Amino acid sequence: MAQQVEVSHFTAAFSDRVILNDVSFSIPAHQFTVIVGENGAGKTTLIKALIQTVLGAKTTGRGQSHHEQIRVNSQNLAYVPQFRDLGDDYPLSIASFVALGLKKGLRPWLTKTEKEAIQTALAQVDLADLAKQRLADASGGQKQRAYIAQALVQNPDLLILDEPTAALDANHALALVKRVRDLQQSRQIGVLWISHDTSWVKDFADDYLWLHDGQVDFGLAKDLPDHASSHHHQEVNHV
Amino acid sequence: MFEETFMQNAFIAGTLISVVAGIVGTFVVARSYNFLSHSLSEIAFAGAAFGFFAGWPPLLGMVIFTILAALAIGGLENAQARQDNVTSAVSALAIGLGVLFLALGHTSNSAATGILFGSVLGISHADILILMGMAVLVLVVIFLFYKPLRLLSFDEAGLLVRNSKKTTLKIIFLIVMALSVSISSQLVGSLLIFVLVTLPAASARYYQGSVSALMALSVFFALFGTWTGLALAYLTNLPTSVFIAVIEVGIYLVSIWLSKD
C-alpha cells in the first residue's frame, strides 16, 4: 500500500530544547492513526510541519539535518484545530459555519452541488436537524461535530484532528470517535487524530504514533504499549 | 431637497460610503478589529491634517497615512507585544502628529472640524469620482479574496494556508480596512468612524446567521442611518454626523434589547 505520510530525519526544537530528535516514520494510506504522547512531546509541532508541507511551504521543521524530508501524499487536506476562539456572540448558523470550509473559486454564493455537500456533511455528523441553529448556542459535542463537518465538506483525503474530544465527557468522546471511524472507512481517507485519551485506541484505530523522549514509535493500535497512556489522568486534570 | 446639487452629491457619496462600510464592517466586527478601526481613523485624522499642511487633498493624506499604518500594524502583529497596546501607542502618536500638522499648516478651525466630524454636505463632484474609484477598488479586492477573507474574519483557525500567505492576507485585510476608514471619514468624520464601520455590522449580528445576510443587513442599517441623517440635517440645519450617530446607536440598542427576549 502507498504511504500517506513519510517523514525522515525530522528534528524540531524550541530555542535550546529539542523536542523531536532526528525522527523517521511512515504511515500507510487510508489509516486511522492516533498520535499520543505527553504535553510538550511535539504532537502539535509534528502535525503543523505535516500541514505546512502539504500547503507547499519550503521549510520544514528547523532543517538541522540535510537529510530531513517530509512527504505527505494528500491532494486535499482538512484540519480540525484544537482551539477555536469563536465567542458567545458568534453569529453564524451551523450550516453557514460549515460553508466556510468551501474555499475554492471566486463565486461568493453556493451552487446546488455545494449546498448538497453541506447537507451531506451535516448528516454525517448528525447535525442535519440543527443546520439553522446558531453555532454559539450549540453544546460542546455539537460544536466539535460542526468543526468536523466543516472539514468534511472539503472532501479531504487526509483529515487531521487535534484533541477533538478534549472538551467532551467520556460518552460523547467515544461517540465522536466511532463516527469519525465510520466516516474514515466509508470515505476511505486517512485520519491523524491527536489524543490524550487512549482508552479507545485499541478498539477503533488502525495505528498509533507515540511521541516520547524526542523519539517516535509507530505500530499497530492493538500493540499500543500500556505506558504510552500512563500519564493520561494526570494531564487531563490540567486541562 | 433633491433639487440642490450639494444634496444630490451628499446622497450619492453617502450611499457609496454606506455600502463599503457595511460590507467591510461585517469583516471588521467578526475579526474583533473594532478598536483598530478607530485607531486607523485617528491616523486618518493625522493624514488629513498633513494633507492641509502639505497642500494636498486631505483624502490623499488619509489614504497614505492609514495604509502605512496598516502595513506597520501588520508587521508588528507577530512582535512580542499586545496588539491593543501597540494600537494605542500608534494612535497616540497619530493624534499628536495631527495636532502638530494642523498648527504648522495654519489650518482653519472649520477644516479641522470637517476632518473630525465629517463634511459631507460640502462634497464636490470631483470628490465623488475619487470616492467612487476607491469604493470600486475596495469591492473588487473583497470579491477577489472573498473566501479567504471570510475565513480570516469568521474562523481564522479554519484558514489552512501556509504562513507566508496568511501574513499577506492579513495585510490585504488591513489595507481594505484602511481604505474603508478613509472613505467613511468623509461622511461621519474620523472621530465617529464606529458609527458606520462597526455599529451597523454589530447590530446585524443579532438577526442574521450567514455571512452574506450579515453584510446585506449591515449595508441596510448603514444606508438607513445615512439617508435619514442627511434628510434630517437638511431640514434642521444641524450636522449630519449627529443624526447618523444617534440612529445607528439607536438601532444597536434596540437590537440588544430585542435579543434579550
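Rules and cut-offs
Residues numbered from 1 in each chain as written. Chains lettered and ligands numbered in written order. Predicted model: local features only at pLDDT ≥ 70, side-chain atom pairs only at ≥ 80, totals over all residues. Heavy atoms only, no water. UniProt positions renumbered as here; feature names shortened; annotations may be inferred. Helix = DSSP H or I, 4+ residues; strand = E, 2+ residues; numbered from the N terminus. Contact = heavy atoms within 4.5 Å. Buried area = accessible area lost by both parts, 1.4 Å probe. Polar contact = N/O pair within 3.5 Å; in protein donor to acceptor, adjacent residues only side chain to side chain. Nonpolar A, V, L, I, M, F, W, Y, C, P; charged D, E, K, R; others polar. Phe/Tyr/Trp six-rings, centres within 6.5 Å; stacked < 30°, edge-to-face > 60°. Buried < 20%, exposed > 50% of the residue type's maximum accessible area, 1.4 Å probe, protein only.

Before going further, it helps to spend a moment on the UniProt feature "transmembrane region" (unreviewed entry) in chain B. The UniProt record marks residues 6-28, 59-76, 88-108, 128-146, 167-183, 214-235 and 241-259 of chain B with the feature "transmembrane region" (unreviewed entry), using the residue numbering of this structure. The annotated region residues 6-28 of chain B carries 100% helix and 0% strand content, and the separation between its end C-alpha atoms amounts to 31 Å.

Between chain B and chain A, the contact holds 22 residues from the first and 31 residues from the second. Counting the surface lost from both chain B and chain A, the interface buries some 2,100 Å², and carbon and sulfur atoms represent 56% of this. It is Lys 147, Leu 160 and Arg 205 of chain B that lose the most area in chain B upon contact with chain A, and together they represent 31% of the buried surface on that side. One can count 13 residue pairs in polar contact (both at pLDDT 80 or more) joining chain B with chain A. When residues of the side of chain B that touches chain A are traced back to their parent elements, those giving at least two are helix 6 (125-144), helix 7 (146-154) and helix 11 (211-236) of chain B. When residues in the side of chain B that touches chain A are grouped by element, the largest group, 5 residues, is from helix 7 of chain B. Looking at the side of chain B that touches chain A residue by residue, the class counts come to 12 nonpolar, 5 polar and 5 charged.

Below, the discussion takes up the packing of aromatic side chains. Evaluation of the coordinates by the stated rule reveals 17 aromatic pairs over all chains. Here Phe 32 of chain A and Trp 200 of chain A contribute two aromatic rings whose centre-to-centre distance is 6.0 Å and whose plane-to-plane angle is 80°, an arrangement assigned as edge-to-face. In this pair, Phe 32 of chain A is assigned in strand 3 (residues 32-37) and Trp 200 of chain A in the loop between strand 7 (190-194) and helix 6 (201-204), connecting sequence segments 168 residues apart. In this pair, the class of Phe 32 of chain A matches that of Trp 200 of chain A, namely buried. Three or more aromatic residues joined by ring pairs form one cluster here, namely Phe 50, Phe 53, Trp 56, Phe 65 and Phe 101 of chain B.

Let us now look at the side chain of Gln 150 of chain A. Tracing the backbone through its elements, the reader meets Gln 150 of chain A in helix 4 (residues 140-152). A polar contact of 3.1 Å, which involves the side chain of Gln 150 of chain A, links it to the side chain of Arg 84 of chain A. Apart from residues lying up to four places away in sequence, Gln 150 of chain A is in contact with Arg 84, Phe 97, Val 98, Leu 100 and Gly 101 of chain A together with Leu 151, Asp 155 and Gly 158 of chain B.

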